[in-house]
Amino acid sequence: MKGAERIEIDRRYCKGCMLCQYVCQFDVYEQGQERSALDYLMPRPARIENCRVCGLCESHCPDMCLTVVAQMNRKEKR
Amino acid sequence: MNPLGEKYLRKDFLPFLFCPGCGDGMIVQSFLQAVEDLGCRENLAMTAGIGCSAWIAVYIHADVLKVLHGRAIPAAIGLKATQPSRTVVTFTGDGDCLAIGGNHLLHAARRNIDMTVVVVNNQLYAMTGGQVAPSTKVGSKTQTTPYGNVEKPLDGCKVAAAAGATLVSRWSTAHPRQLIRAFKNALTHKGFAFVEVMSQCPVQTGRYLLGSGSPQFNFQWLKDNCVAVKDTSQRDEVEAQGKIPLGDFLQVEKPEFMEEVRRMNERVKEAKAKGGER
Amino acid sequence: MGNEACAEAALLAGCRFFAGYPITPATEILEVMSRRLPLVDGLCLQMEDEIAAVVAMVGASWGGAKSMTATSGPGFCLMQEGIGLAVAVEAPCVIVNVQRGGPASGQSTSTAQGDFYQARYGSNGDYSIIVLCPSTAQEMFDHTVKAFNLSERFRVPVIILSDEVVGHIREKVCIPDADQLAFAPRKAPTVPPEEFVPFKPDADGVPFMPAFNTGYRIPVISQAKSLSGNRGNAREADENIRRIVAKIEDHLDEFADVQVYGDPKAETAFVTFGSVCRAARSAVDMGREQGLALRSVEVKTVWPFPDTLVRKALAGAKRIVVMEMNLGMLQREVERVIRQPKIKIELFSKIGGIYPQPQEFLRFLEEKR
Ligand SMILES: Cc1ncc(C[n+]2csc(CCOP(=O)(O)OP(=O)(O)O)c2C)c(N)n1
Ligand code: SF4
Ligand code: SF4
């Protein structure tokens, strides 16, 4: 099954609303200790290995600052 | 910044002025997904009124005219009239569209002018700090109904349909897939399209009406209180339960205003060329 | 008819969008436009109210068309917020106010000049605006052409402050061929979209204006803004507001118009604007026949008030009488401009809707001496 290569959270715009954690069905996120440029505590994709790249968190992020980058399998690799 | 944002947002205007967890940013994203899918950015001409939700338009890197409280629809008519090929979209709040701008809504719908009105319904006036709106439920305590609201709310979708809108949908920020589809329908519909979006406002609606300012709580409230329906009988049922029906309520073809104007102009010019003025 | 002359001029000046709402004594302008605009591929809309009319006009202006609206007293009140909008988003457009009696519904079929200050200060906040006052049907025509040109030149709403007498008067109007008139083009951007800064002014304080859907993806908000068009901070808001005022006031010389009728050296001077100029001219003529030297100073561009020109036109006058159909609005401006302890600025004021007779002016000079 395809997983996430990485999840990027844009420090510049994150407001720490934690809706990503709320919508994720696979318990990928937890509240982190790092603060964003806007001084909010940011989420941390602590269990990224659980991610199914469903895109829910990305499409629900009110500040459009989440990017879920899928792992590329061999065939797709350029 | 996700790829959609990279492509479509006005970077130098960020971050969004919306509070943490506000639904308005989610509407930006759903709308942009519709624009991306349709590839209609260059044709897009947006207008907006005043209120938190009006800022949705400003962050989108396309032509936007943000006018006065309640007056986004007439501004859109001016833009449509001067170039009918434009895809004209108006972003308003529930107060903006149904209170101060209510008259403009009625008459634009009546004309069936080809445009899309997006109404962001957060059930009160958010930008000014949580006062009662025409969409606020009876009994709600807001900053200006400290003893509970005694006024019956207005259903924007029903008003628009009664006035002559030819496309009417209501979805919520908790239903992004359906919302994107509704936006796409509206943007490609030839006529007056009205799309209401139930949206969470944790800071005002959440705190004053629903009892919690947490974004998660408010998001869940939408999931629990908005019910997708297939037909009107279901709609009444859902309303009777005190919940909010969602759905694509109406889509019909009717003569469109600018088309009719174009036809009239042709006819008049032809008659004039032949001699008589009428 | 003055109102018809106004509509003719608008069509000739290239106006292709008109939005209005019927109101006496301005309705004829809407009627003529609804008949004529379709013939030139324009659009005339009767909106649901004057607020919608003025805002639709602003939308059409950003849409790329020369646009216009016309109204009177109560409708002019409703338009005030929209006029401020046009100022803030720097949308060229023309607003005709054919004045009638006020306040509120006042006297719909009677003439008045009570909107003198409203035309200048009717919207909220600091701003500057251009207001032209015709006194003949010919001037309804000429001022309308001028109004379109000034609005494009400075990206500002221009108000034609007419009144019932001028709007409804029937007299000969000479309509020149279009090629005999000069039309100011809209100042289009000179750089491609990537380099374009939306509200960065040119040397004259006026920014360049791309129409919507020409690739510039411009953000136009009604708030005080930064050069990029975003909400400005305190410094940016300050600069923005000062600029939209200065772009008009610094160029007053280009368009200010004050005329003198009669003997320019006469010791007794009338000061007038709008339709009252007509009666004043007759009074000057009648005075001359009686051996009485008179001059009438006619303020054609009332806002920004042409201090220097008015001072010049009144040089040497020993007795100054302001003639107007309100309780002393122009008088107040003249008092501000002419500060000579020996000269009292007198007021002949007629309200209630009856146009003054020249004989009344002469009698006033006699009686109040
Ligand atoms: C003419 C006028 N009246 C009042 C206001 C103040 N005002 C600003 S936003 C707003 C209400 C906005 O509520 P809504 O339209 O529901 O949008 P929201 O902020 O909830 O998204 C009001 C009353 C104004 N800007 N202009
Ligand atoms: S993409 Fe889906 S599974 Fe992965 S973190 Fe986001 S919500 Fe969770
Ligand atoms: S007040 Fe409410 S609607 Fe406005 S930005 Fe904040 S959360 Fe959003």
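Keep in mind it's a predicted model, so treat the numbers as computed, not measured.

A. Inspection of the interface of chain B and chain A at higher detail. Listed as interface residues are 30 residues of chain B and, on the opposing side, 21 residues of chain A. A buried area of about 1,900 Å², summed over both sides, lies between chain B and chain A, and 63% of it is on carbon and sulfur atoms. If you look at where chain B meets chain A, you find zero salt bridges. Our enumeration of links across chain B and chain A arrives at 11 residue pairs in polar contact (both at pLDDT 80 or more). Where the side of chain B that touches chain A is concerned, the elements lending two or more residues are α1 (3–8), α2 (23–38) and α10 (215–225) of chain B.

B. Examining the interface of chain C and chain B more closely. Listed as interface residues are 42 residues of chain C and, on the opposing side, 45 residues of chain B. Here chain C meets chain B over a buried area of about 3,600 Å², counting both sides, of which 59% is carbon and sulfur. Taken as a group, C:Glu48, C:Asn213 and C:Arg217 account for 22% of the area that chain C buries against chain B, more than any other trio of residues on that side. Across the chain C-chain B interface, the total number found is three salt bridges. As a salt-bridge pair, C:Glu48 and B:Arg111 come within 3.3 Å of each other at their nearest N and O atoms. One can count 20 residue pairs in polar contact (both at pLDDT 80 or more) joining chain C with chain B. When residues of the side of chain C that touches chain B are traced back to their parent elements, those giving at least two are β2 (43–46), α3 (50–62), α4 (73–88) and β7 (219–221) of chain C. For the side of chain C that touches chain B, the element with the most residues is α3(C), which contributes eight residues. In the side of chain C that touches chain B, the residues fall into 22 nonpolar, 13 polar and seven charged.

C. The arrangement of the site of ligand 3 in detail. B:Phe18, B:Cys19, B:Cys22, B:Cys52, B:Asn122, B:Ala126, B:Cys201, B:Pro202 and B:Gln204 make up every residue found near ligand 3. Of the residues that constitute the shell around ligand 3, the class distribution is seven nonpolar, two polar and no charged.

D. Spatial organisation of the state of the cysteines. Counted according to the given criterion, the structure contains zero disulfides over all chains. A:Cys20 takes part in no disulfide bond, and the closest cysteine sulfur, belonging to A:Cys17, lies 6.3 Å away.

E. Quick peek at the domain arrangement of chain C. Residue and element names in this part refer to chain C. Domain annotation of chain C identifies domain 1 (2–180) and domain 2 (259–367). Using only C-alpha atoms to locate each centre, domain 1 and domain 2 end up separated by 26 Å. Tallying the contact residues gives 28 residues for domain 1 and 22 residues for domain 2. Here domain 1 packs against domain 2, burying approximately 2,100 Å² in sum over the two surfaces, 59% of which is carbon and sulfur. On the domain 1 side of the interface with domain 2, the three residues burying the most area are Gln113, Phe116 and Tyr117, jointly 36% of the side's total. At the boundary of domain 1 and domain 2, one finds two salt bridges. Here glutamate 139 ties to lysine 300 by a salt bridge, and the two come within 3.0 Å at their closest N and O atoms. Taken together, the links from domain 1 to domain 2 amount to 15 residue pairs in polar contact (both at pLDDT 80 or more). If you list the elements that add at least two residues to the side of domain 1 that touches domain 2, you get α5 (116–121), β5 (130–132), α6 (137–154), β6 (157–163) and α7 (164–168). No other element matches the four residues that α5 contributes to the side of domain 1 that touches domain 2. Looking at the side of domain 1 that touches domain 2, its residues break down into 14 nonpolar, nine polar and five charged.

Rules of the game
Just so you know, the residues in each chain are numbered from 1, in the order the chain's sequence is written. Chains carry letters from A onward and ligands carry numbers from 1 onward, assigned in written order. Reporting of local features is limited, given that this is a predicted model, to residues whose pLDDT is at least 70; pairs of side-chain atoms are given and counted only at 80 or more, and all residues count toward the totals for whole chains, interfaces and linings. Each side-chain value is worked out from all heavy atoms of the structure, with water and hydrogens disregarded. Here a residue-residue contact requires only that any non-hydrogen atoms of the pair lie within 4.5 Å. Here the buried area means the combined drop in accessible surface, using a 1.4 Å probe, for two parts upon being joined, counting both sides. A side-chain nitrogen of Lys or Arg and a carboxyl oxygen of Asp or Glu constitute a salt bridge if their distance falls within 4 Å. What qualifies as a polar contact is a pair of N or O atoms within 3.5 Å, subject to a donor-acceptor requirement within protein and to the restriction that residues adjacent in sequence count only when both atoms come from side chains. The numbering of helices and of strands both runs from the N terminus, where a helix is a DSSP run of H or I of at least 4 residues and a strand a run of E of at least 2. Charged residues are taken to be Asp, Glu, Lys and Arg, nonpolar residues to be Ala, Val, Leu, Ile, Met, Phe, Trp, Tyr, Cys and Pro, and polar residues to be all remaining types, Gly included. By convention in this text, a residue qualifies as near a molecule or strand provided that one of its non-hydrogen atoms is within 4 Å of it. Any pair of cysteine sulfurs within 2.5 Å is marked as a disulfide. Residue ranges for the domains originate in an automatic or database domain assignment.

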